[in-house]
Amino acid sequence: MKTRPSSRHAFAVLVATFVLATSPTAAFAQATDDPPADDAAAPDVPADPAATGPQPAVGDSVKQLQPDSAPSPTASDETPPPGNEKGDETSQDDETSQDDEISQDHVSSSATEKPQIPDFAAERTDESDWTMPGKTTALTRFSKLDEINDKNVKDLKLAFTFSLGVNRGQESAPLVVNDTLYVVTAYPNHLYALDLTKEGAPLKWSYTPDQPLAAQGVACCDVVNRGAVYSDGKIIYNTLNDTTVAVDAETGKEAWRTKLGRIQEGMTMTMAPTLAGDKVIVGNSGGEMGIRGWVKALDVATGKVVWTANSTGPDEDVKIGERFKPFYDQYKGKDLGVKSWPAGMWKNSGGGAWGWVSYDPELNLVYTGIGNPGPWNSSMRPGDNLWAAGVFARDADTGEAVWYYQTSHHDWNDYDGVNEYMILDMEWKGEKRKVLVHPGRTGYMYILDRETGEVLSAEPFGAITTSDGVDLKTGRIQWVKDKMPDDTGRVKKDLCPAAPGAKDWQPSAYSPDTGLLYVPHQNLCMDLKETEVGYIAGTPFVGAEVRMKPGPGGHRGEFTAWDLTKQKAKWTLKERFPVWSGTVVTAGNVVFYGTMDGWFKALNATTGDELWKFKTSSGIISQPTTWRGPDGHQYIGVLDGVGGWSGAIVAGNLDPRDGTAALGFVNAMTDLPDYTTAGGTLYAFKLPD
Amino acid sequence: MTYRVFPFVLAISLCLGVAGCSDQGDEENADNSAQSDTQSAGSENPPPLDQPSGGDVEISLVSIAPGGGKPVDQQSAAAKAAKGNPQAIEIGRQLFTSFNCNGCHFNGGGGMGPALMDDKWIYGSSMENIASSIREGRPNGMPSFRAMVEGDTVYKLAAYVKSLSENTKPRSDVKLAEPASISEKAAAKDDEGEIKSPEESGR
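Residues numbered from 1 in each chain as written. Chains lettered and ligands numbered in written order. Predicted model: local features only at pLDDT ≥ 70, side-chain atom pairs only at ≥ 80, totals over all residues. Heavy atoms only, no water.

> I'd like a rundown of the side chain of Asp504 of chain A, residues and numbers included.
By the element assignment, Asp504 of chain A lies in the loop between β27 (492-495) and β28 (509-511). Apart from residues lying up to four places away in sequence, Asp504 of chain A is in contact with Trp354, Asn419, Arg441, Gln522, Trp580 and Trp645 of chain A. (Helix = DSSP H or I, 4+ residues; strand = E, 2+ residues; numbered from the N terminus. Contact = heavy atoms within 4.5 Å.)

Structure below.
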């Protein structure tokens, strides 16, 4: 079948008729071919980063405390960052206040209890193994292991390394189950099993799924993979060409594989599945390719699709029915997933579910974030564009929608709703509430009631010019009209946060010991110009020219410890580049993250003081994890291998002379190639014997 | 003057890469509702390529050939006519947007597809090489645009693509963008006055 057209319409349909016109109107042609029989649809996220260049840089990370009253220093209105790193470092230095910070910072607030990890997840935090990227389905990334702690972490040493054999962005998380370490790579999505009982953790087996090279061409933002999950003797993960595979954890033999979509439509899969009882929940990517997003539940034992819920379209497809009780009125009504779009546009609407899914077994609800609507050109799709850019709570067994909340109605900045919805229990105005904590791309730290979808709080954690807060009566973000694209077609400048948001996919961690949420994120703004685009299946459906730039202060990354009780930052570390790695925090009062210039760092989880760092070969954008090995000792693992959207300039060798490259991320990363090269290695650390 | 080209096309499923349109390697999948009909349907050959006005051309992908031979390197009249021709380049520029080439290659810097403005060519830098990349696709995800490029169109696109790598400033001239300059209010994350108070939520 090598040369044959792929689908019945492929060459058949015609081809291009060009209309030469002088009209400025955007041409939008709905595809007329039948949708594929499966209900795959698909959205995704933005893109690739890239580019090289010299340039000014902020110094090494600079810690910055955020006293209760003062606006953050990062946020100065005035100007550019010093071309000189030292200057920044010294001027921002706040070491002085550090000692007092805890007491001072917190005494004044009415003493509320720290938010807790709910029992279903808390009881797993002391396990030796790490069996899913988020540690538990609450996605807290907190481990009770404390052999490595704030006193001895300075002695941490490399225990073993392993080359992943792939030089693309490595966003996944090392898993450890029964004395075996499992790691999935970027495309071609190798799965390696390393034997931790043997010296040097040698390879036990490897598995490479069968997939076409062409899949690489339709992945918006580097060919990443965000990890696997262990269940029932199998390692389960998604491959770039829309297939979920289960591999026998012992033998490395494929147990089942289920093909869920087609790359010919621009659909890919990059997210890490979430376990919900005897099912895994998966979602698609392709929001830059005009896919139609979906979430599916697959039976862990057989791989059979149990339910599918689309992100847009008629209620039936979205699984909106009797049980749907959204908190806010704008989500009530029939077929809003059709009506909140211009005619027919919901069919190529994006809304992928390429991010994190959390699961509360007590409520039996899965929380699935939904990605950006497509195309990015928002003028082409007047309306709220439901159900893109928000979150659904769904019954884990049936997929029925229970509530929905939209973080970005009529999204015009690529503010996907896919960042983690972390499950915590906390006291809110004297009442115990079951909540979701969501550090949103919009720049707000949302606290939602996970039973009802009510927004309890949405405080800014990043610089924001695109909106003016979230109205808690209606749940709606208050867009700044002046900044929105209009019919002049002019470039809109200094939109903050930029398209990847104040934070992208890179997952946070929460420590019940400190009450702090550790948020790796970026500080980027952008200039945006809408352009015409027509839908052609299998090609990008974007219609925007973006140029990103550093946010206020000039540093592009931040690592923020957020006090959930007070709803404000306790301290923030500034980094030269976006902090695109995940993070893990432990009962040893240490929190770990990596930087795109290749430093793996340990901080005191309470104060943010840097306690240890290790220089890796390539930049880090993966998810660190921790486990207790067969020798009884605690390890910390991380992958290097720069790439992803932010690192596409290096992973894809993009050209910095075109700032619009990789959906405009290149413009903000032109100097990355001066700091790091592509790579892909697993590192494991432990204390000396 | 700017006149615009709209693809009116668009009801097209593109084939990705020379591997053809079936997602090879996946056929054995059990659970796949959508696949079976696509398989039976697509057996006709793609429509024949309109001959470029220059007639048949043969083009190698590499500059080496064993045994002292020279790789074949022909150029059609259509390629010659389009190369460096400002009108052809301008039309090519518009087609580059209409066909969503810019979605993958942006303005030459690359993204999902490789950079086209640098001086590195995976599949050759000649007009015929570039035309062949566009017409037939390339294995790592360059779609085959054969069904969309009639007549000389492909050479106009090729002329534009080739022009991207000409007259570009040196990479070393690239400076990192200046930080956004925004109001203090927008930058101040902890400025509690700016955010509506939770009391209003009425619970």
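> Pulling in residues and values, what's your account of the state of the cysteines?
Residue and element names in this part refer to chain A. Overall, the coordinates contain two disulfides over all chains when judged by the stated rule. Here Cys220 pairs with Cys221 through a disulfide, and the sulfurs are 1.9 Å apart. Taking the sign of the S-S torsion, about -100° here, the bridge from Cys220 to Cys221 comes out left-handed. Taken individually, Cys220 and Cys221 each receive the classification buried, so the pair is uniform in this respect. (Disulfide = S-S within 2.5 Å. Buried < 20%, exposed > 50% of the residue type's maximum accessible area, 1.4 Å probe, protein only.)

> Would you mind going over unusual backbone geometry in detail, with residue names and values included?
All names here are of chain A. Residue Pro188 follows Tyr187 across a cis peptide bond; omega there is 15°. Summarising the element assignment, Pro188 is placed in the loop between β6 (180-184) and β7 (191-195). The omega torsion across Leu386 and Trp387 is 5°, close enough to zero to call that bond cis. Take Trp387: it is sitting in the loop between β18 (365-370) and β19 (390-395). The phi angle at Asp242 is positive, at roughly 65°, despite the residue not being glycine. Within the secondary structure layout, Asp242 lies in the loop between β10 (234-239) and β11 (243-248). Under the relative-accessibility criterion, Asp242 is labelled buried at 0%.

> Please set out the pairing of β18 of chain A residue by residue, giving values where relevant.
Residues and elements named next belong to chain A. Taken across its six residues, β18 has six buried, putting it largely inside the fold. Residue alternation in β18 divides its side chains into two sets, Leu365, Tyr367 and Gly369 and Val366, Thr368 and Ile370, and both sets are buried. For strand β17 (residues 357-360) and β18, the ladder comprises four bridges, and the chain directions are antiparallel. Its bridge partner lying in β18, Ser358 is registered against Tyr367. The turn linking β17 back onto β18 is made up of four residues, and Asn364 within it adopts a positive phi angle of 50°. When β18 meets β19, the two strands line up antiparallel, connected through six bridges. Note that in β19 the partner of Tyr367 across the bridge is Ala393. (Pairing = 2+ DSSP bridges.)

> So what about the UniProt feature "domain: Cytochrome c" (unreviewed entry) in chain B? Which residues, and what values?
Those places that UniProt annotates as "domain: Cytochrome c" (unreviewed entry) correspond, in this numbering, to residues 87-165 of chain B. Here residues 87-165 of chain B is 49% helix and 3% strand, with 17 Å between the C-alpha atoms at its ends. (UniProt positions renumbered as here; feature names shortened; annotations may be inferred.)

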